Amino acid sequence: MSLHNHAGSLVPASLRVRGLAVLAAGVIGLLLAFLGMAFAASARADTADAGWRPKDITQGSLILRSGDGVQPAPLLHTDVQMQIAGLVARVRVQQRFRNPGDGWAEGIYVFPLPEDAAVDHMDLRIGERRIAGQIKERAEAKRTYQQAARSGRKASLVEQERPNIFTTSVANIAPGEEVAVEIEYQQNVRYDAGLFSLRFPMVVGPRYIPGAPVEQGGEDGGGWSADTAEVADASRITPPVRHPKHGPINPVRLDIELDAGVPLERVASPYHSIHSDAQGPGRYRVTLAGNEVPADRDFVLEWRARASAAPQSAGFIEHKDGEYYVSLMLLPPLAAEQTAPTPREAVFVIDVSGSMQGASIDQAKQALLLALGRLKPHDRFNVIRFNHTTGSLYPEPQPATPENLARAKSFVNALYANGGTEMAAALRAALAGQTPAGYLRQVVFLTDGAVGNEDALFGIIRAGLGASRLFTVGIGSAPNSHFMRTAADYGRGTFTYIGAVTEVRTRMEELFRKLERPALTDIQVAWPPGVEVEAWPGRVPDLYIGEPLTISARLRVLPDSVAVRGRFAGKDWQSALRLADAQPHAGVAVLWARRKIEALSVQLREAQDQDAVRKSIVEVALRHHLVSAHTSLVAVDVTPVRADGDALHTRNLPTNLPHGWNYEAVFGGLPQTATAAQLHSLIGAMLLLLAGLFYLLRRRAA
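The structure contained in this document is the topic of the report that follows. (Residues numbered from 1 in each chain as written. Predicted model: local features only at pLDDT ≥ 70, side-chain atom pairs only at ≥ 80, totals over all residues. Heavy atoms only, no water.)

### Describing the overall build of the protein
Definition in use: Note on conventions: DSSP H or I runs of at least 4 residues are helices, E runs of at least 2 residues are strands, and numbering of each starts at the N terminus. The rule is simple: take the accessible area with a 1.4 Å probe, protein chains only, and divide by the maximum for that residue type; under 20% is buried, over 50% is exposed, in between is partly exposed. Whether two residues touch is decided by their heavy atoms; if any such pair falls within 4.5 Å, the residues are in contact. All accessible areas in this document rest on Shrake-Rupley with a 1.4 Å probe, and a residue is counted as covered only by the protein chains that are shown.
For the protein, the helix and strand inventory stands at 12 helices and 37 strands. The burial tally for the protein puts 55% of its 702 residues in the buried class. Taking contacts inside the protein between residues at least 6 apart in sequence as the whole, the part at least 24 apart equals 74%. By element, 52% of the accessible surface of the protein is carried by carbon and sulfur atoms, the whole surface being about 29100 Å².

Right under this line is the structure:
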């Protein structure tokens, strides 16, 4: 059989079939190249109509959805007001936006909050109108909002996408109108090794999305990445990021009232310049030195009590609805008798993916070199590096001899950052293997945590931890603190944050003190007999030098004290917390409810009957008016303001790249941290080239 081709030559049937196959491949290649370029373009922050996803937008920004062109609504500014009293902070975040277009707009407000924030209040302010949010089950709240939006009424909706990412939808913003969205939350102050601190996140870096794309089965998140087999909501966590060459956007102002309750040695912010004005003993007003800053890195406030005033214990109490809610802190021993050090098997894991390029990889390498320098001859160690591949210095941990350590330091010095963030293989490698008897196994994980498959990684830690302890070290200006802290909790270790090269030594020395000294283990909280109590955490983790034990509890009858027992430096240890000395404080019930929701959310990942656990989360959240993964705040005005014939329009605003990140390293190369789109382009180009070569061969054969 033969076929007459377009050039008038006869081509054998077998060649004709191959030609059709390769031409088909060329067509497929053309489509893949087109799709790859489209995905790559949407991954660029400065592409005007880039895809967006509220769940992981990197900081507060208003997205105005429209199909008639691109005109982002500028963020006027963000005002943050904090009131800190002792160990509890109440925070109000107000974002003001203006619709610059000439049509009605629906806005999507996306913002990060601390992973332990208890969000219990939202107001939408449009002009002189203030609309208060009400808590409802998530699906019901969304239906209420959508119905109001369609009917022309002003409405707003606050949803939790991750423990540290929330979204607000705002319907029916008039042309030229200014909108203010106010979110309020409560959280505990962190206390560690004598240092109090509070973090306000301003930016979350782009996240790596592993897994093969899957067909859309529900609502498309609109991001530059398709949902994948490993990250089912990938389309919801892939927002546009503004290229730094265009300058920063989204300025933030902060006003903090600090009442530490004890005389202070110092008040400081490690990453921002501040003014701190003393208002009295232990009381300060703190503002930014330059009035406002761009939202491109986390803000951290630290304060240290005078040595004589450092707390050994503290407690707050709230009597609500006939029940007592208590929040307690107990500081374990700070020193132990000199004992023979326990040999350690230390496995250091370092992230060398593209998001770490720049200041982050310098911080991580410096931290790792310091850690290697602390090893003793009787210790064992290994170094694992990962990006889109995983490799290790040795097949298994080796003795910390001078020769082995010298080789390790050369290995670390030669590392550079590029590629994707395939963390699963590195975690499995770090947790694998049998530790010799008599060794304490510690895994130190240095990363920015810029991943979208957190739950899968938590599962790896739970399944493979064994006798290891996992210590996470957050690197860079805006690490994924939800992943870092939760991974450390699962790993029975601690989370250390390093935000600047200048603090590597200080932060790592704090971590070394924990790694090298005995922990308070086998901790039990012994409530008096007959007292009905629901306390969190349900299982108290190991505690390390300088770390406090914090307990949130709900009781019907308030006892005078509660005993805490454990093992420290090989000996029994016991202390008591006097509940009678606890100070009254509003909001303690909300903090207890937040911790219960966190505990139930962990159960949800492993539960056989997930519906029952989800129902429990909803019940707690509704009772305490809290936003959760399954409840939302919704506010609806009564009177329609938009006429039926007037359409709602859409536009979006890109976000800042975190300070110190390299845009091209994240979005420019193959493989990249955020998307496999360029891989589609490469495959498509190769298929097109193959089709072209075959066509030329056919012409020559003719």
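### A closer look at the sheet that holds strand β16 (residues 264-268)
Here is the rule: Note: two strands are recorded as paired if DSSP finds a minimum of 2 bridges between them. What counts as an axis is a line fitted to C-alpha atoms, over the stretch in contact for a helix, and the angles between N-to-C directions run from 0 to 180 degrees.
Taken in spatial order, the four strands make up an open sheet running β13-β14-β20-β16, and their pairing is antiparallel. Each of the sheet's edge strands pairs with one partner strand only, and the pair in question is β13 (190-192) and β16. Taking each pair of neighbouring strands and ignoring which way they run, the sheet shows an average axis angle of 20 degrees. Where strand β14 (residues 195-200) meets strand β20 (residues 299-305), six bridges bridge the pair, whose relative direction is antiparallel. Looking at the pairing, L198 lines up with L301 of β20.

### Remarks on the pattern of salt bridges
Opposite charge on two side chains permits pairing when their charged atoms draw close. Applicable threshold: Salt bridge criterion: a side-chain nitrogen from Lys or Arg within 4 Å of a carboxyl oxygen from Asp or Glu.
Counting across every chain of the model gives 37 salt bridges. Among the salt bridges present, the one from E182 reaches R130, with a minimum N-O distance of 3.4 Å. Taken together, the residues span a long stretch of sequence, with E182 in strand β12 (residues 178-188) and R130 in strand β8 (residues 129-132) at a distance of 52 residues. Overall, E182 belongs to the buried group, its relative accessible area being 2%. Look at R130 and you get partly exposed, because its relative accessible area is 46%. Note that E547 and K514 form a salt bridge whose closest N and O atoms lie 3.8 Å from each other. Taken together, the positions of E547 in the loop between β31 (533-536) and β32 (549-555) and K514 in helix α8 (residues 504-516) put the pair 33 residues apart, joining distant regions of the chain. Like E547, the residue K514 is buried in the burial classification. Several salt bridges share partner residues, and in doing so they unite E323, E534, R554, R556, K596 and R623 into one network.

### Considering the packing of helix α3 (residues 359-373) against helix α4 (residues 402-413)
Spelled out, the test is: Geometric relationships in this document are graded by angle, where less than 35 degrees denotes roughly parallel, more than 145 denotes roughly antiparallel, 65 to 115 denotes roughly perpendicular, and other angles denote oblique.
Contact geometry of α3 with α4 gives a least axis separation of 10 Å together with a crossing angle of 175 degrees. Our classification of the angle between α3 and α4 gives roughly antiparallel. Contacts between α3 and α4 involve K365, L368, L369 and L372 from the former and L405, A408, K409, V412 and N413 from the latter.

### Some points on helix α7 (residues 481-490)
Turn by turn, an α-helix covers 3.6 residues, leaving residues three or four places apart pointing in a common direction. α7 sits mainly inside the fold: eight of its 10 residues count as buried. Restricting attention to buried positions, one finds in α7 the residues S481, H482, F483, M484, T486, A487, A488 and Y490. On the buried face of α7, the contacting elements are α5 (423-431), β27 (440-447), α6 (454-464), β28 (469-475), β29 (495-498) and α9 (588-606). Downstream of α7 by one or two residues, R492 has phi in the positive range, about 55 degrees.

### Regarding the sheet that holds strand β30 (residues 521-526)
With antiparallel pairing, the three strands of this open sheet are ordered in space as β30-β33-β34. Only two strands of the sheet have a single partner each, and these edge strands are β30 and β34 (571-578). Each strand axis lies, on average, 15 degrees off the axis of its neighbour in the sheet, ignoring direction. When β30 meets strand β33 (residues 561-568), the two strands line up antiparallel, connected through four bridges. Within β33, the position partnered with Q524 by the bridge is R565.

### Notes on the packing of aromatic side chains
The following threshold applies: Paired rings are identified among Phe, Tyr and Trp, the last through its six-membered ring, by centres lying within 6.5 Å, and are further divided according to the angle between planes into stacked (under 30 degrees), edge-to-face (over 60) and tilted (the rest). Our definition puts a charge over a ring when NZ of Lys or CZ of Arg is within 6 Å of the ring centre and also within 35 degrees of the ring normal.
Within the structure shown, the criterion is met by nine aromatic pairs. Between Y191 and F196 the ring centres are 4.6 Å apart and the planes differ by 50 degrees, which places this aromatic pair in the tilted class. Counting every residue linked through ring pairs, the aromatic cluster contains Y191, F196 and W303. Taking the ring centre of Y497 as reference, the NZ or CZ of R199 above it sits at 3.7 Å. A cation sits over an aromatic face here: R462 above Y490, 5.2 Å from the ring centre.

### Let's talk about the packing of α3 against α8
Note the following rule: Here a crossing is taken to be left-handed if its near helix is turned anticlockwise relative to the far helix by less than a right angle, and right-handed if that turn runs clockwise.
Two elements in contact, α3 and α8, have axes separated by 10 Å at closest approach and are oriented at 45 degrees. It follows that α3 is oblique to α8 by the angle criterion. Between α3 and α8 the crossing geometry is right-handed. The residues of α8 that touch α3, namely those facing Q363, Q366, A367, L370 and A371, are V504, R505, M508 and F512.

### What about the environment of N387?
This is how the line gets drawn: Counted as a polar contact is a pair of N or O atoms within 3.5 Å, where, for protein atoms, one must be capable of donating a hydrogen and the other of accepting one, and residues adjacent in sequence contribute only when both atoms are in side chains.
Position of N387 relative to the elements: it lies in the loop between β24 (380-386) and β25 (390-392). Once the C-alpha coordinates of N387 and M356 are considered, the two residues, 31 residues apart in sequence, prove to be 9.7 Å apart. Not counting chain neighbours up to four residues away, the residues in contact with N387 comprise V352, S353, N418, G419, G420, T421 and E422. A polar contact is formed between the side chain of N387 and the side chain of H388, at a distance of 3.5 Å.

Honestly, that's just the spatial picture; any functional story needs more than this.
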